[in-house]
Structure formats: C-alpha cells, structure tokens
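Survey of secondary and tertiary structure
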Amino acid sequence: MLVGAHLSVSSGYPATVEYAIEAGCECMQVFGKSPRQWKGKALDPEAAAGFVQSRKQAGLGPLFTHTAYLINLATDAEPIRSRSIEALADEMGRGRLLGAAGVVLHIGHDPHEDSPAAAVRVASGIVAAFEACGCSHPDTKLLLENTATRGFGSGMDDFAAVFTALPLEVRELVGVCFDTCHGFAAGIELGSSAAWETLLDDIERACGPGSLGLIHANDCKFEFGSHRDRHEWIGKGFLKDEAFEAMLCVDRLESVCAVTEMPGDIPDKDVVNIAKLKELREECSR
Ligand SMILES: [Zn+2]
Ligand SMILES: [Zn+2]
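Before going into details, it helps to say that this report is about the structure given with it. (Residues numbered from 1 in each chain as written. Chains lettered and ligands numbered in written order. Predicted model: local features only at pLDDT ≥ 70, side-chain atom pairs only at ≥ 80, totals over all residues.)

Time to look at the overall build of the chain. Each helix and strand counted, the chain has 10 helices and 10 strands in total. Against the compact-globule benchmark of 19 Å for 286 residues, the chain has a radius of gyration of 18 Å, which places it among compact chains. Along the first, second and third principal axes, the C-alpha set of the chain runs to 50 × 45 × 30 Å. Classification of the 286 residues of the chain by burial places 46% in the buried group. Across the chain, every contact between residues at least 6 apart in sequence was considered, and the portion connecting residues at least 24 apart equals 79%. (Helix = DSSP H or I, 4+ residues; strand = E, 2+ residues; numbered from the N terminus. Rg over C-alpha atoms; globule rule 2.2 N^0.38 Å. Buried ≥ 20, exposed ≤ 12 C-beta atoms within 10 Å, placed from the backbone. Contact = placed C-beta atoms within 7 Å.)

Once that is clear, we can look at the pairing of strand 10 (residues 257-260). Note on strand geometry: in a regular strand, side chains alternate between the two faces of the sheet. Residues Cys257 and Val259 line one face of strand 10 and the alternating positions Ala258 and Thr260 line the opposite face, and both faces are buried. Bridge count between strand 1 (residues 2-6) and strand 10: 4 bridges; the pairing is parallel. When the sheet's bridge partners are listed, Gly4 is paired in strand 10 with Val259. Here strand 7 (residues 212-216) pairs with strand 10 via 3 bridges, running parallel. (Pairing = 2+ DSSP bridges.)

This next bit is on the sheet that holds strand 5 (residues 141-145). In spatial order, the strands read 1-2-3-4-5-6-7-10; together these 8 strands close into a barrel with parallel pairing. Averaged over all pairs of adjacent strands, the angle between strand axes in this sheet comes to 30 degrees, irrespective of strand direction. With 5 bridges joining them, strand 4 (residues 102-106) and strand 5 adopt parallel strand pairing. From the neighbouring strand, Val104 faces strand 5, where its bridge partner is Leu143. Lying on the sheet, helix 3 (residues 80-97) is in contact with strand 3 (63-66), strand 4 and strand 5; it crosses strand 4 at an angle near 155 degrees. (Axes fitted to C-alpha atoms, helices over the stretch in contact; angles between N-to-C directions.)

Glu78 connects to Pro79 through a cis peptide bond whose omega is 10 degrees. Positionally, Pro79 belongs in the loop between strand 3 and helix 3. Residues Ile266 and Pro267 are joined by a peptide bond in cis, for which omega reads -5 degrees. With a phi angle near 50 degrees, Glu113 is a residue other than glycine that sits in the positive phi range. A positive phi angle is found at His227, which is not glycine, with a value near 60 degrees. With respect to the element layout, His227 can be found in the loop between strand 8 (219-220) and strand 9 (231-232).

In the contact formed by helix 1 (residues 13-23) and helix 2 (residues 45-57), the axes pass within 9 Å of each other and the chain directions differ by 20 degrees. The angle between the axes of helix 1 and helix 2 places the two elements in the roughly parallel class. By crossing handedness, the relation of helix 1 to helix 2 is classed as right-handed. Every residue of helix 2 that contacts helix 1 at Tyr13, Pro14 and Val17 is listed here: Ala47, Gly50, Phe51, Ser54 and Arg55. Here the contact of helix 1 with helix 2 is composed, by residue class, of 5 nonpolar, 2 polar and 1 charged. (Parallel < 35°, antiparallel > 145°, perpendicular 65-115°, else oblique. Left-handed = near helix turned anticlockwise from the far one by under 90°. Nonpolar A, V, L, I, M, F, W, Y, C, P; charged D, E, K, R; others polar.)

As structure tokens, then:
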C-alpha cells in the first residue's frame, strides 16, 4: 500500500508539495475547494497544471480530492438536491484539472429511513452531475465514502443498491472510498487479515472488482459499533495496531492508497501517523 494524509492547500500548491515530501507522503488527499461552502473560486488551470507537474517531479503517487460536506445526494429536499448535483459537477471538474485519481463524496444522509429509495436518488444524482460536468474521464473516478452513522450508507448493501441503479457506462467511473473509523463505528470487523478479506469480498460483490479506490486510514476514538465518527491517531484508538497491520499486509491492497485524516497540529499529526503506518507496513515482510 501507499500511505499519505489529507493535506491543507491553504498556503498554495507549491507549499503543499513541499509539505507532502517532508511529512513522508506517498499519496495525498486535498479539498477541491473550501469544504463548508457550496461554491468556490474557480481553479486557475495554470496553477493546477503546475501542481500536477510538481507532484510528478517529486515522485509523489496519486492525489485524491475530497468534496464539500454540504453535498447530499441521498436527500430529496430542495434546494439541497439541485445544489448538490451542481456542486458535485463542479468538484468533478476540479478533480480532473488537479489530476486526481479519485474525488471522494460522502454517500449521503437519507432523511426518510428508506435506504432503497435513497440509493436510487444517489445514483440519479451522480448521473445528473456527470452530465452537467461533461468532464467524465476514467482516470478521475468518483469515490463514494461509507458513513459511521446508523442507516443508509454504513454497509455494503446500500453501496450495492447505488451501483445497481447506475447505468453501466457511469458505473465504470464510480468506486468506493472506505473509511476504517466509519466502518468500525458502523460495526464492520477490521481486526485481522481474515476480516479484511471478508470486507474486500463484500466491496467487490457490491460495487465490482477493483472498485475500492482509496482507504481513509483512521483509528477510532469510540468502541466498535458506537456509530460515532471521531478519528484517533493510528494505534491509539479502538482499532489498535492490529487492524492497520492487517490492512497494510493484504496482498490485493498493494496498489491501493491509504490516507489519514487526523485531528491535531501539523506537522506532527501527519509525520507521526504516516511514519506509524510505514512502520506497520514493514512488519508484513517479516
Ligand atoms: Zn470524508
Ligand atoms: Zn470521519
């Protein structure tokens, strides 16, 4: 596996690349724009191209972007739904410009506790966003992220329902981002290699082979099945070292990226957690 972290781009792209190298990133995630706003300043194509180029020169692996938290394709409430579609189209365009391998989107919150209907809304919202964007490209996938909360989006059944509702040509452009803290909080076992094999089988069955595009490697502050989303440093939470060592040593995850999204101060939160993941990865070959 390649390991990295979610990084801030607030000091500009050149500073982000420098920081990524210092922190030991092999891959990274950034926000495509401010995560708490519907609209953002347009990306400067030249700056975006410079970012792509400097990452390449530095030998950094894939980049992922994370979309705004406001987007919710699982709701039917207006104007949130139309705004979400518009915002996702914009985020896909940004991801494409930044050379992102994946654009991460929370699968969404269903206000009606009717998961099958929510899944159909998510699928049709994705189709509408791709149409509005006109930027579909197989190298920049949309990655749906699992949730820690009860109900829609916490298990692979809901992912399967979304993928089934997607037309084939769109399905090929969509994958999964699995967050370990969210999964554990939602009651998915991750503590052994057997548990990881089961999860990866479930993801493949639900969303297709090769659909897992990214892992958010976060330890969890609260216990198994708590449905509470509070990230903890690797090895310091209830997932402990074992879950991450198992993850890092699974053969079929060899080319997959794992990024941490940690609370705390920079650079420690990134330097320490990336080093920790690399240390656990070292254990595999022993
Ligand atoms: Zn997320
Ligand atoms: Zn989280």
